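Listed below are the residues making up each chain.
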Amino acid sequence: MGKQPVIQTCPDCHGPLKWVETEKQARFKGVEVRYAAGLYRCADCGLEVADVEATADLQERLADAYRQAEGLLSGAEIRRLRERKGLTQQALAEALNVGIASIKRWETGVIQSRSMDTLLRTLLLDSPCNDHTGKRDFSIPRIRLVLDAFEKHLGRPLLKKDDRMLYAAKYLWYADMAAFRDLGRGLTGATYAALPMGPQLNNYRDLVDEIAKADPSSVPPLTASESAIIAAVAKTFPTNKKIYEASHREKVWQQCTTGAIIPYSRAAELTEIALIELSDQK
Ligand SMILES: [Zn+2]
């Protein structure tokens, strides 16, 4: 490659610098990684030099090699998946409840946490038929919005510190499933797994802190129909015990193998929540 180095000659022996593409091995965050590196090498003494641009590029490649080794999305993958979804960096930031600067950094080499990687996959890699997200884009602030509405109706907190979402997730599940059944799409875009303790928000361990700090005013308010769904679910299941037991009577949950995703398409088979009367349905 005929790259013109910013540094023209070897800082050591003043020999000529040549651009080389080479494979490097490095230990990064405790992981041995190999990556393709572009840098300048002195033709006389072999010293390897990188200018500012090459250094930034090396850091990005090293970070991506680490992400690949650790099974995390690379910067380019995050960008490609985001664009495929038609999301701007701002829209993705809002859905994940992070600053736009975080998105920009992840796309250019700063390594996202494991839990953020899980959330990115949840948001960007939904199934093509949308059956796992209820025809809605996953949104953490929306989850918070729905939980806040439930707390108002129930007159008690649902999400506590270090919550395992044993009950909060069941209120969300019924609301999402009933909304999908009666309104044609869910409320939060969340995916639910059939766990032994009942339907549970998929990846709830990674989500709970994010939900707790999410700002529900950052998303559009609930429509009258959506509010009616939440009111009906709260009225049907006034106590944690009631919703827990009801969810365990649902065939939809019983028939899923442990850990399987419960498809929204089975919402019509719910037996414990009656069809909800909606005044403003179009
Ligand atoms: Zn040299």
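Quick caveat, the model's predicted, so the values are computed rather than measured.

Asker: Just checking my understanding: could you explain the domain arrangement of the protein chain for this structure?
Answerer: Interface size is commonly expressed as the accessible area that is lost once the parts come together. As far as domains go, the protein chain holds domain 1 (17-69), domain 2 (75-124) and domain 3 (140-269). Put simply, the middle of domain 2 and the middle of domain 3, counted by C-alpha atoms, are 24 Å apart. Across the domain 2 to domain 3 interface the summed buried area is about 740 Å²; carbon plus sulfur atoms make up 53%. Its largest share of buried area at the contact with domain 3, domain 2 owes to Asn 97, Thr 118 and Leu 119, together 55% of the area lost on that side. Where domain 2 meets domain 3, there are zero salt bridges. Where the side of domain 2 that touches domain 3 is concerned, the elements lending two or more residues are helix 3 (89-96) and helix 5 (114-124). At five residues, helix 5 tops the list of elements feeding residues into the side of domain 2 that touches domain 3. Grouping the amino acids of the side of domain 2 that touches domain 3 by side-chain chemistry returns four nonpolar, four polar and one charged.

Asker: Sorry if this is basic, but what is going on with the layout of surface pockets here?
Answerer: A probe matching the size of a water molecule, rolled over the atoms, marks out where space remains unfilled. Taken as a whole, the largest pocket holds about 300 Å³ of empty space. Residue lining of the largest pocket: 18 residues in total, with Asp 137, Ser 139, Arg 142, Val 219 and Pro 220 positioned closest to the centre. The greatest single-element share of the lining of the largest pocket, amounting to three residues, is contributed by helix 3. Each residue belonging to the lining of the largest pocket can be placed in one class, and the counts come to nine nonpolar, three polar and six charged. Taken domain by domain, the makeup of the lining of the largest pocket includes at least three residues from each of domain 2 (75-124) and domain 3 (140-269).

Asker: Mind showing me how you'd approach the packing of helix 6 (residues 140-154) against helix 9 (residues 224-236) here?
Answerer: Direction vectors running N to C along helix 6 and helix 9 enclose 50°, while the axes themselves pass 9 Å from each other. In this view, helix 6 runs oblique relative to helix 9, as classed from their interaxial angle. As for how helix 6 packs across helix 9, the hand of that crossing is right-handed. Contacts between helix 6 and helix 9 involve Arg 142, Val 146, Ala 149, Phe 150, His 153 and Leu 154 on the former and, on the latter, Glu 226, Ser 227, Ile 230, Ala 231, Val 233 and Ala 234. Looking at the contact of helix 6 with helix 9 residue by residue, the classes come out as eight nonpolar, two polar and two charged.

Rules behind the numbers
Per-chain numbering applies: the sequence of each chain, read as written, is numbered from 1 onward. At least 70 in pLDDT is required for a residue's local features to be given in this predicted model, at least 80 for side-chain atom pairs to be given and counted, and no such filter applies to totals for whole chains, interfaces and linings, which use all residues. Only hydrogens and water are set aside; all other atoms, that is, all heavy atoms of the structure, feed into the side-chain values. For each domain, the first and last residues come from an automatic or database assignment. Buried area: the sum, over both parts, of the accessible surface (1.4 Å probe) that disappears when the two are put together. Salt bridge, as used here, is a side-chain nitrogen of Lys or Arg placed within 4 Å of a carboxyl oxygen of Asp or Glu. Secondary structure is summarised from DSSP: a helix means a run of H or I of at least four residues, a strand means a run of E of at least two, and numbering begins at the N terminus for each. Classification used: nonpolar for Ala, Val, Leu, Ile, Met, Phe, Trp, Tyr, Cys and Pro, charged for Asp, Glu, Lys and Arg, polar for all others including Gly. Only protein atoms enter the 1 Å grid used here, on which a cavity is any set of points holding a 1.4 Å probe that cannot leave and a pocket is any open set flanked by protein within 12 Å on both sides along at least five of seven lines; residues with an atom within 4 Å of a point are listed as lining. Grid points are joined across faces, edges and corners, and a volume is the space filled by probe spheres set on the points. Only the stretch in contact is used when fitting a helix axis, every axis being a line fitted to C-alpha atoms; angles between N-to-C directions are given from 0 to 180 degrees. Any angle that falls under 35 degrees is termed roughly parallel, while one over 145 is termed roughly antiparallel, one within 65 to 115 roughly perpendicular, and all others oblique. Crossing handedness follows the turn of the near helix against the far one: under a right angle anticlockwise gives a left-handed crossing, and clockwise gives a right-handed one. Residues are treated as being in contact if the distance between any of their heavy atoms lies within 4.5 Å.

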